[in-house]
Amino acid sequence: MTTSRETEELNHPTLRRLVGEVDALTLADRLALFKGLIPGLARELSPKDFESFIVELRMKGERFYDATLNPGRGRAHRRVMGERDLEGR
């Protein structure tokens, strides 16, 4: 699920199960769930860290769309930066 040092301690089987369950919901329900998580995240993050998180989400979406438009081409051919690029990995 990840190769990031920041997330290597996460319980991946539990996260995969939760993501699978959420993916079974309608788009409207998934959006409502996502929006419902925002106040708790914002409460626990500094404004700067929350903004960084939002930028990360935008980048994830941009990378998804770039990969969708360029199937079969790896990260080396992408035009959109990813977390590894920002972290220097």
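The following paragraphs examine the structure supplied in this document. (Residues numbered from 1 in each chain as written. Predicted model: local features only at pLDDT ≥ 70, side-chain atom pairs only at ≥ 80, totals over all residues. Heavy atoms only, no water.)

## Focus: the overall build of the protein chain
A count of helices and strands for the protein chain gives 4 helices and 0 strands. The order of helices and strands in the protein chain, counted from the N terminus, is α-α-α-α. Per-residue burial for the protein chain yields a buried fraction of 9% across its 89 residues. Sequence separation of at least 24 residues holds for 22% of the intrachain contacts in the protein chain that already meet a minimum separation of 6. Of the accessible surface of the protein chain, which amounts to about 7,400 Å², a share of 59% is contributed by carbon and sulfur atoms. (Helix = DSSP H or I, 4+ residues; strand = E, 2+ residues; numbered from the N terminus. Buried < 20%, exposed > 50% of the residue type's maximum accessible area, 1.4 Å probe, protein only. Contact = heavy atoms within 4.5 Å. Areas by Shrake-Rupley, 256 points an atom, 1.4 Å probe, with all protein chains shown as cover.)

## What to know about the pattern of salt bridges
Applying the stated criterion to the full structure yields 1 salt bridge. When the shortest N-O distance is used, the salt bridge between Arg17 and Glu21 registers 3.0 Å. Of this pair, Arg17 and Glu21 both sit in helix H1 (residues 12-23), 4 residues apart, which is roughly one turn of that helix. Classification of Arg17 by relative accessible area gives partly exposed; the value is 45%. (Salt bridge = Lys/Arg side-chain N within 4 Å of Asp/Glu carboxyl O.)

## Re the packing of helix H2 (residues 27-44) against helix H3 (residues 47-69)
At their nearest, the axes of H2 and H3 sit 11 Å apart, and the two run at 150 degrees to each other. Of the possible angle classes, the one that applies to H2 and H3 is roughly antiparallel. Considering only the axes of H2 and H3, their crossing is right-handed. Residues Phe34, Ile38, Leu41 and Ala42 of H2 pack against Phe50, Phe53 and Leu57 of H3. Here the contact of H2 with H3 is composed, by residue class, of 7 nonpolar, no polar and no charged. (Axes fitted to C-alpha atoms, helices over the stretch in contact; angles between N-to-C directions. Parallel < 35°, antiparallel > 145°, perpendicular 65-115°, else oblique. Left-handed = near helix turned anticlockwise from the far one by under 90°. Nonpolar A, V, L, I, M, F, W, Y, C, P; charged D, E, K, R; others polar.)

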